[in-house]
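# Descriptive structure summary
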Amino acid sequence: MRVLAISLGLGLSPVMADTLSIRLDQANSGADQCPLVFVLDTTTETEFTQLQTKVVLLNTASGVLRLSLLDFQSLPAQGMRVRSFNLPNLDCADVGRVLFNAMGPCTPLAASACTAALTVSSETEIEVLK
């Protein structure tokens, strides 16, 4: 506590951990498809040239509906992007959870570094887990 007070007195700010956040923003069933809209935001100084994740879509009873690879493409350093994925032959109402099962590739970082920095959330009725 004393060290923090001294560094604040010197005008230094406390170090915040870098984050890569992925938020499920929309999930509205369409014509025989489930479009999922994600908002990505990062506080890292890293520009991601490639960002992919393996997700598991679970029904409301936690049964597996589908395994999917989501390619979020690129993400600028300290930037934000919106990406949409249309999942065919799926009703969004059947999806209870989205599990981010594995990160990678996550260029230029190792998949483990992306997983450590990852935070997930949802603005929908679908729960998002890491």
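Residues numbered from 1 in each chain as written. Predicted model: local features only at pLDDT ≥ 70, side-chain atom pairs only at ≥ 80, totals over all residues. Heavy atoms only, no water.

## Digging into the pairing of strand E1 (residues 20–27)
- As defined by bridge partners, E1 adjoins strand E2 (residues 33–42) across 7 bridges and the pair is classed as antiparallel. Its bridge partner being in E2, Ile 22 is matched across the sheet by Leu 40.
- Pairing of E1 with strand E7 (residues 118–122) involves 5 bridges; the strand directions are parallel. Among the inter-strand pairings, Leu 24 is bridged to a residue of E7, identified as Ser 122. (Pairing = 2+ DSSP bridges. Helix = DSSP H or I, 4+ residues; strand = E, 2+ residues; numbered from the N terminus.)

## Structural notes on the pattern of salt bridges
- Applying the stated rule across the entire model yields 2 salt bridges.
- In this structure, Asp 25 and Arg 23 form a salt bridge, with 3.1 Å as the shortest nitrogen-oxygen distance. (Salt bridge = Lys/Arg side-chain N within 4 Å of Asp/Glu carboxyl O.)

## Quick notes on the sheet that holds strand E6 (residues 95–107)
- Taking strand neighbours across the sheet as the criterion, the 4 strands line up as E4-E3-E6-E8 in an open arrangement whose pairing is mixed. Whereas interior strands pair on both sides, the edge strands pair on one side only; in this sheet they are strand E4 (64–75) and strand E8 (127–129). Ignoring strand direction, the axes of neighbouring strands in this sheet form an average angle of 25°. (Axes fitted to C-alpha atoms, helices over the stretch in contact; angles between N-to-C directions.)

## With respect to the state of the cysteines
- In this structure the tally under the stated criterion is 2 disulfides.
- A sulfur-sulfur distance of 1.9 Å marks the disulfide that ties Cys 34 to Cys 92. Taking the sign of the S-S torsion, 105° for the link of Cys 34 and Cys 92, the bridge is right-handed. Taken together, the residues Cys 34 in strand E2 and Cys 92 in the loop between strand E5 (80–88) and E6 connect sequence positions 58 residues apart.
- Residue classification places Cys 92 among the buried positions, given a relative accessible area of 5%.
- Sequence-ordered numbering of the bonded cysteines in the protein gives a disulfide pattern of 1-2, 3-4. (Disulfide = S-S within 2.5 Å. Buried < 20%, exposed > 50% of the residue type's maximum accessible area, 1.4 Å probe, protein only.)

## Quick notes on the sheet that holds E1
- Pairing within the open sheet is mixed, and its 4 strands lie in the order E5-E2-E1-E7. Two strands close off the open sheet at either side, each with one partner strand: E5 and E7. Each strand axis lies, on average, 25° off the axis of its neighbour in the sheet, ignoring direction.

## Observations regarding the side chain of Gln 52
- Inspection of the secondary structure assignment puts Gln 52 in strand E3 (residues 48–59).
- By relative accessible area, Gln 52 is classed as buried at 12%.
- In contact with Gln 52, other than residues within four places in its own chain, are Leu 69, Leu 70, Asp 71, Met 103, Gly 104 and Pro 105. (Contact = heavy atoms within 4.5 Å.)

## A word on the confidence of the model for the protein
- For the protein, per-residue confidence averages 87 on the pLDDT scale, and 87% of positions sit at 70 or higher.
- Across residues 1–16, where pLDDT falls below 50, the model places 3 contacts with residues more than four positions away in sequence or in other chains. (pLDDT = per-residue confidence, 0-100.)

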